[in-house]
Amino acid sequence: MPAITVDDITSLPRIPEADPTGTQQRPVKGVTSAPRGFEGEGFPVRRAFAGVDLADLDPFVHMDQMGEVEYAPGEPKGTPWHPHRGFETVTYIMDGTFEHHDSNGGGGVITNGDTQWMTAGAGILHIEKPPEALVVSGGLFHGIQLWVNLPRDQKWAPPRYQDIRAKQVGLLASADGGGLVRVIAGDLAGHSGPGITHTPMTLLHATLSPDASLVLPWRADYNALVYVLAGHGRLGSEGWPVETGQLAVFGPGDTISLAASRGQESRSPNLDVLVLGGQPIRQPVAWMGPFVMNTRQEVIQAFEDYRAGRLGTIPTVHNTPTTVIESRSAR
């Protein structure tokens, strides 16, 4: 799980140690295990938020851990063209390569630590797939896709695409020097990530060496979630044990604490987690398939707009005909 790393973690700014007398550590409210499934054309995922109340997730609605999977040649899969409206998709790739194209002209290739941040807003069509070279060769693939809800007054914002390179993310070290924290979006201890968000939020990827610990200052008005990408660890003052594929929801407070277990599996030598939270929107959610709106009628309207072609059109392939061309073979 390379994502973005540094040769000398001690050269990074340190996250200051929290003052135990002036902070309130967030307790763990509960831990759930993500069921496995398949997405798109058949790539394996873990449904990270399955079984969790939307009120605890707000402003997030959905997250898939894609892989970790080692594809044989010919096996890599993606998604067909599909629509979205009313929210943002955040795709973060830790291993492997993914291509994105959308009906708004956005797109690019992301790999090892890159992020694509697509604001569907009023409506967009897009496709995500492995490049042809990866399909031919096979290889390791591991990433996440997070859905971030938009407030009512921003659901009709123009679609937007952000291409965030791995080297742009903010890098910090834990106070004990045993943890690397990548700030993808939001602010942590005065250091900001490159992601531009409609909804106030913070998204981090942290890697902790065995027995290392991490205490994060966290905005009291944000919710707080920790998802374990790989490894074993403990969360909160209770030392709640967690492992790969589990999500922890935290209660109120202004710090989050986590620690890596001393013993880790050989295939996952470190504890890797996503830490995320945001300012709850606290508005009604009507969600069906690729549309996240406020009312049932808005969801129905989104489907009607999609069928009528009002969410965009699939771009034509460069230098191919835009009208039907017929030919007759000469014999």
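Reading the values: rules and limits
Residues numbered from 1 in each chain as written. Predicted model: local features only at pLDDT ≥ 70, side-chain atom pairs only at ≥ 80, totals over all residues. Heavy atoms only, no water. Helix = DSSP H or I, 4+ residues; strand = E, 2+ residues; numbered from the N terminus. Rg over C-alpha atoms; globule rule 2.2 N^0.38 Å. Buried < 20%, exposed > 50% of the residue type's maximum accessible area, 1.4 Å probe, protein only. Contact = heavy atoms within 4.5 Å. Polar contact = N/O pair within 3.5 Å; in protein donor to acceptor, adjacent residues only side chain to side chain. Lys, Arg positive; Asp, Glu negative; His and termini not counted. Salt bridge = Lys/Arg side-chain N within 4 Å of Asp/Glu carboxyl O. Pairing = 2+ DSSP bridges. Axes fitted to C-alpha atoms, helices over the stretch in contact; angles between N-to-C directions. Expected span 1.5 Å × (residues − 1). Arc of directions from axis to C-beta. Phe/Tyr/Trp six-rings, centres within 6.5 Å; stacked < 30°, edge-to-face > 60°.

Caption draft 1: Representation of the overall build of the protein in the model. Summing up its helical and strand segments, the protein has three helices and 26 strands in all. Taking 2.2 N^0.38 as the reference for a compact globule, 331 residues should give roughly 20 Å; the C-alpha atoms of the protein span a radius of gyration of 21 Å, in line with that estimate. If one aligns the C-alpha atoms of the protein with their principal axes, the spans along those axes are about 85 × 45 × 35 Å. Within the protein, the proportion of its 331 residues that are buried is 52%. Excluding contacts between residues fewer than 6 apart, the proportion of contacts in the protein whose partners are at least 24 apart in sequence is 74%.

Caption draft 2: Structural detail: the side chain of Q145. Looking at where Q145 falls in the secondary structure, it is placed in strand 11 (residues 139-149). Only 2.7 Å separates the side chain of Q145 from the side chain of E128, close enough to count as a polar contact. When neighbours within four sequence positions are excluded, Q145 is seen to be in contact with H62, M63, D64, M66, T89, V90, T91 and E128.

Caption draft 3: Region of the structure containing the side chain of R46. With respect to the secondary-structure elements, R46 resides in strand 3 (residues 43-47). One buried charge, R46, has no salt-bridge partner; the nearest side chain with opposite charge is E243, at 7.6 Å. Among all residues touching R46, those that are not within four sequence positions of it are A34, P35, R36, M63, D64, Q65, Y227, T244 and G245.

Caption draft 4: Here's a closer look at the pairing of strand 10 (residues 124-129). Burial analysis of strand 10 places five of its six residues in the buried class, the great majority of the element. The pairing of strand 5 (residues 82-84) with strand 10 spans three bridges and is antiparallel. The partner of P83 across the bridge, within strand 10, is L125. Bridging between strand 7 (residues 97-102) and strand 10 involves four bridges; their strand directions are antiparallel. Note on strand 10: the bridge partner recorded for H101 is I127.

Caption draft 5: Expanded view of the sheet that holds strand 23 (residues 255-260). Overall, antiparallel pairing links the four strands, which are arranged 18-23-20-21 in an open sheet. Single-partner strands in this sheet number two, and they are strand 18 (213-217) and strand 21 (240-243). The average undirected angle you get between the axes of adjacent strands in this sheet is 25 degrees. By the bridge criterion, three bridges tie strand 20 (residues 232-235) to strand 23 in an arrangement that is antiparallel. Counted as the bridge partner of L235 is L258 from strand 23.

Caption draft 6: Geometry of the environment of Q116. Tracing the backbone through its elements, the reader meets Q116 in strand 9 (residues 115-119). For the pair Q116 and I300, spaced 184 residues apart in sequence, the C-alpha to C-alpha distance is 28 Å. Of note is the side chain of Q116, whose polar atom sits 3.3 Å from the side chain of E128.

Caption draft 7: Structural detail: the environment of N294. Summarising the element assignment, N294 is placed in the loop between strand 26 (291-293) and helix 3 (296-307). In this structure, the C-alpha to C-alpha distance between N294 and P284, residues ten residues apart in sequence, is 5.2 Å. For N294, the residues in contact, after removing those within four places along its chain, are R152, K155, Q283, P284, V285 and A286. Within polar-contact distance, the side chain of N294 engages the backbone oxygen of P284 at 2.8 Å.

Caption draft 8: Molecular detail of the sheet that holds strand 14 (residues 179-185). Sheet architecture is open: seven strands sit in the order 1-22-19-24-17-14-13, paired in antiparallel fashion. Of all the strands in the sheet, just strand 1 (28-33) and strand 13 (170-173) have a single pairing partner and so form its edges. Within the sheet, the average angular offset between the axes of one strand and its neighbour, ignoring direction, is 20 degrees.

Caption draft 9: Region of the structure containing helix 3. Between its first and last C-alpha, helix 3 extends 17 Å over twelve residues, near the 16 Å set by a 1.5 Å rise per residue. Residues V299, A302 and D305 constitute the buried set of helix 3. The buried residues of helix 3 occupy an angular sector of 120 degrees when projected down its axis, which confines them to one face. Along helix 3, the residues that are exposed and aim more than 90 degrees away from the buried face are R296 and R307. Buried residues belonging to helix 3 abut strand 25 (286-288) and strand 26. G309 sits one or two positions beyond helix 3 and adopts a positive phi of about 80 degrees.

Caption draft 10: Fine view of the packing of aromatic side chains. Under the criterion given, the structure shown has five aromatic pairs. When the ring of F291 is compared with that of F303, the centres are 4.8 Å apart and the planes differ by 90 degrees; the resulting orientation is edge-to-face. Here F291 is found in strand 26, whereas its partner F303 is found in helix 3, with twelve residues between them in sequence. An aromatic cluster of three or more residues is present, and its members are Y71, F98 and F141.

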